[in-house]
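Below, each chain spelled out in residue letters.
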Amino acid sequence: MNPQEGIWSLVKRDIGNLAAANLGQITRAVKRRLKQIQYRPDLVDGCLAGTGLIMDG
């Protein structure tokens, strides 16, 4: 599993019930959720841990 699949799963779960009137609303919702995830390193680490990969550092 690729770590970015976990991130997209979080995004899709959050906007899954969005009834957007146009593509711009979807784009804003996705960008907003990605920005929220960016400031939650625990979520990013969890997606990485789910792959079995390890980071040195």
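Everything below is about the structure printed above this text.
Chains are numbered independently. Their residues run from 1 in the order of the written sequence. Totals for whole chains, interfaces and linings use every residue, but because this is a predicted model, local features are given only for residues with pLDDT of at least 70 and side-chain atom pairs only at 80 or more, for both listing and counting. Only hydrogens and water are set aside when side-chain values are computed; all heavy atoms of the structure are taken into account.

K.L.:
When you look at the nonpolar core in this model, what are you seeing that I'm missing?
P.N.:
Nonpolar side chains in soluble globular proteins tend to end up buried together. What we call a nonpolar core is a set of buried Ala, Val, Leu, Ile, Met, Phe, Trp, Tyr and Cys residues that are connected through their side-chain atoms within 4.5 Å. Summary of the burial criterion: residues with accessible area below 20% of their type's maximum are buried, those above 50% are exposed, and those between are partly exposed, where the area comes from a 1.4 Å probe applied to protein chains only. Residues I7, L10, V11, I15, A29, V30, I37 and C47 constitute the largest nonpolar core, which totals 8 residues. Where helices and strands are cited, they refer to DSSP runs of H or I of at least four residues and of E of at least two residues respectively, numbered from the N terminus. Of the residues forming this core, the biggest block, 4 residues, is contributed by helix α1 (residues 3–15).

K.L.:
Mind showing me how you'd approach α1 here?
P.N.:
Three or four residues apart is the spacing at which side chains of an α-helix point the same way, because the helix has 3.6 residues per turn. Its 13 residues place the ends of α1 19 Å apart at the C-alpha level, agreeing with the 18 Å of an ideal helix rising 1.5 Å per residue. Taken as a whole, α1 has its buried residues at G6, I7, L10, V11 and I15. Along the long axis of α1, the arc covered by the buried residues comes to 160°, so they all point the same way. Summarising the geometry of α1, the exposed residues directed more than 90 degrees from the buried face are K12 and R13. Expected span, for any helix, means 1.5 Å times one less than how many residues it has. As used here, the arc belongs to the directions running from the helix axis to the C-beta atoms.

K.L.:
Quick question: what am I supposed to make of a nonpolar patch on the surface here?
P.N.:
Without a salt bridge and with relative accessible area above 30%, a residue can belong to a patch; like charges are then joined within 9 Å and nonpolar side chains (Val, Leu, Ile, Met, Phe, Trp, Tyr) within 5 Å. Areas reported as accessible are Shrake-Rupley estimates using a 1.4 Å probe. Residue values count occlusion only from the protein chains shown. Counted as salt bridges are all cases of a side-chain nitrogen of Lys or Arg within 4 Å of a carboxyl oxygen of Asp or Glu. Together, L18, L23 and I26 make up an exposed nonpolar region whose accessible area comes to about 280 Å². Mapped onto the secondary structure, L18 falls in the loop between α1 and α2 (23–38).

K.L.:
I keep staring at the side chain of R33 and nothing clicks. Help me out?
P.N.:
Tracing the backbone shows R33 in helix α2. Looking at R33, the relative accessible area reads 16%, which means it is buried. Whether two residues are in contact is decided by their heavy atoms: any pair within 4.5 Å suffices. Each residue touching R33, except ones within four places of it in the same chain, is listed here: L10, V11, D14 and L43.

K.L.:
Looking at this structure, how should I read the pattern of salt bridges?
P.N.:
Side-chain pairs of opposite charge can arise whenever the charged atoms involved come near each other. Here the structure, examined in full by the defined rule, presents 2 salt bridges. Across the salt bridge formed by R33 and D14, the nearest N and O atoms sit 3.9 Å from each other. Highlighted residues: R33 in helix α2 and D14 in helix α1, separated in sequence by 19 residues. We classify D14 as partly exposed; its relative accessible area is 46%. A salt bridge links D42 to R40; its shortest N-O distance comes to 3.0 Å.

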